[in-house]
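# An overview of the molecular structure
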Amino acid sequence: MHRIVRKDLIIGSTLYHNALCLAGDATGPHRADLRIEGGRIAAITPTGAEPKPDDIIVDASRFLAVPGFVNAHFHSPDTLSRGNSPDRPLELWSLSSSASRQSRSMREIEVATLLAGVELARGGVTAVLDHVRISPDLSADALDAVARGWLATGLRVVIAPVVADRPVAETLPFETGDWHGCDVPDVHSGLSANVQIASVADFHSRWHGREGRISVGIGPSGPQRCSDELLVAAAEFSSRTGCIFHSHVLETHLQRAAALKLYGGGMISHLRALECLSPRTNLVHAIWLEPDDPEIIADAGAAVVHNPVSNARLGSGKCDLNRLLAAGVRVGLGTDSPCCNDGCSMAETVKWAALVHRDWQDDGSGWLTPTAALNLGTQVSADAIGLSETGRLRPGNLADINFFSLDAPAYVPLRDPIRQFVLGDTSAAPELVLVGGRAVAAKGRAMLLNEQEIWSEACDLATRRDRTEEAPAALGGPIARMRRRVSAEEARQCH
Ligand SMILES: [Zn+2]
């Protein structure tokens, strides 16, 4: 197996012989030979096929071949803020971590992306959607730094720059009394909706499709943080270019309250009225939905991105995954920010998705199976973020594949490979991670990046920033009062 860690095996035809394939389809786990040519899976054939004369043959008999994980929601700049945010609910977490997540230099932005690339590649993530927030304002230089970083990682990425234009005080259901003598801040992006869309359009024109690995989407921060003008312009941009429209939605019950106050109705209905729901739409979190929202989302063909670990970390609530799936909604999986997770393991995320929605049932027949959970974190996530040529072990698809060693305690004895992989082997690093047939990680190490140099520079940048960190804005009191008031109002309505 040592031969396949060499970078020079990325071109030509490689035959991974006799791998135990977890394709996630009706065939179930089976032994097969995988032929990789030109960055794609050329063939998957029963073990024993005659090799071609020029084939490089790799003995994969002690390996599981699994589709690369697809992390459908991530924020690369936050890698430098890891370990810097306390255990608080979202609104207070956001406040306490905002200083370390804002106003980064171009080098910080690029190094944060490289840092992300190392961790994701090590964990077998072959494609990722980066909902990247550039602070204080979008700029071509900053977006170029993000894209340059991702290009160097070797991973496949959809970069969806965050856009937002509402003042902070309007994004949550504040009432006058909540401010209690504090100044009401007028903090919002200084750029108009048109300028922000133009900035993303310019970025799209320069980077979309680069090396077949970079895609560009548009990423409203959340409907309550955007004017209707900006949401409509973002949806029109998505329609015009065919790119992904990726937005946080209804992550906390306060956001639901904010929507009812802003729109006089539910947030999902409002997005539908603005024609923001389409098969290109990603609704991230979608925890505090109205009763009919799953059908509205399914009818539009939009996808939900579920982030079970982040939701638990922030105490945001539990996405009703079973209800969404029953309505026919496509649900992909993401890790969310490295400072509200605090890792970015998709193996862990898939296991959480499989287990935390197992509500009481007579016989458990409606529970998500390990196979279904793995599919959410691979093929469904890929489809959701517009990368339907990855996420599956299928001839013709891109060769984005993880190989995990079967010589591990989780597989002794080997009885049910998918169950034992999804539920029993979450801490294992893949022996080999291929993106387009190229090794981006092997034996637990990133192959295309100098890990030690990146870690050293990241620590240096983070330490310098820690020394100059400004105290968070004085929004803590108003947010705490508003949370208590809204909770009390909701409790009264329940009685
Ligand atoms: Zn997020």
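What counts as what
- Residues numbered from 1 in each chain as written.
- Predicted model: local features only at pLDDT ≥ 70, side-chain atom pairs only at ≥ 80, totals over all residues.
- Heavy atoms only, no water.
- UniProt positions renumbered as here; feature names shortened; annotations may be inferred.
- Domains from an automatic or database assignment.
- Contact = heavy atoms within 4.5 Å.
- Salt bridge = Lys/Arg side-chain N within 4 Å of Asp/Glu carboxyl O.
- Polar contact = N/O pair within 3.5 Å; in protein donor to acceptor, adjacent residues only side chain to side chain.
- Helix = DSSP H or I, 4+ residues; strand = E, 2+ residues; numbered from the N terminus.
- Nonpolar A, V, L, I, M, F, W, Y, C, P; charged D, E, K, R; others polar.
- Buried < 20%, exposed > 50% of the residue type's maximum accessible area, 1.4 Å probe, protein only.
- Pairing = 2+ DSSP bridges.
- Core = buried A, V, L, I, M, F, W, Y, C linked by side-chain atoms within 4.5 Å.

The name given to the chain in an unreviewed UniProt entry is Amidohydrolase family protein, with the source organism recorded as Halovulum marinum. UniProt's Sequence similarities (unreviewed entry) comment on the chain is quoted here verbatim: "Belongs to the metallo-dependent hydrolases superfamily. ATZ/TRZ family."

Before going further, it helps to spend a moment on the domain arrangement of the chain. Domain boundaries in the chain define domain 1 (2-67 + 394-446) and domain 2 (69-384). When each unit is reduced to the centre of its C-alpha atoms, the spacing between domain 1 and domain 2 is 31 Å. Of the residues lining the interface, 27 residues belong to domain 1; the matching set on domain 2 comes to 24 residues. Inspection of the domain 1/domain 2 interface yields one salt bridge. Residues Arg 156 and Asp 400 are paired through a salt bridge, measuring 2.7 Å at the closest nitrogen-oxygen approach. Joining domain 1 to domain 2, the criterion identifies five residue pairs in polar contact (both at pLDDT 80 or more). Residue assignment for the side of domain 1 that touches domain 2 shows that the elements contributing at least two residues are strand 5 (63-67), strand 16 (401-405), helix 14 (417-424), strand 17 (432-435), strand 18 (438-442) and strand 19 (445-446). Element by element, the count of residues in the side of domain 1 that touches domain 2 is highest for helix 14, at five residues. For the side of domain 1 that touches domain 2, a count of residues per class yields 18 nonpolar, five polar and four charged.

Attention now moves to the pairing of strand 12 (residues 245-249). The buried count for strand 12 comes to five of five residues, which makes it a mostly enclosed element. Residues of strand 12 alternate between two faces, with Phe 245, Ser 247 and Val 249 on one and His 246 and His 248 on the opposite face, all of them buried. Where strand 12 and strand 13 (residues 281-285) come together, five bridges link them in parallel fashion. Paired with Val 249 across the two strands is His 285, which belongs to strand 13.

What follows deals with the side chain of Glu 290. Topologically, Glu 290 is positioned in the loop between strand 13 and helix 9 (293-300). Judged by its relative accessible area of 19%, Glu 290 is buried. Glu 290 has contacts with Arg 256, Leu 260 and Gly 266, leaving out every residue within four places of it along the chain.

Another point: the nonpolar core. Of all hydrophobic cores here, the largest spans 91 residues; its most connected members are Trp 150 and Phe 421. Top element by residues in this core is helix 3 (residues 140-153). It accounts for seven residues. If you count residues domain by domain, this core takes at least three from each of domain 1 (2-67 + 394-446) and domain 2 (69-384). Counting 21 residues, the second-largest nonpolar core is a separate cluster that includes Val 58, Ala 60, Ala 439 and Met 447.

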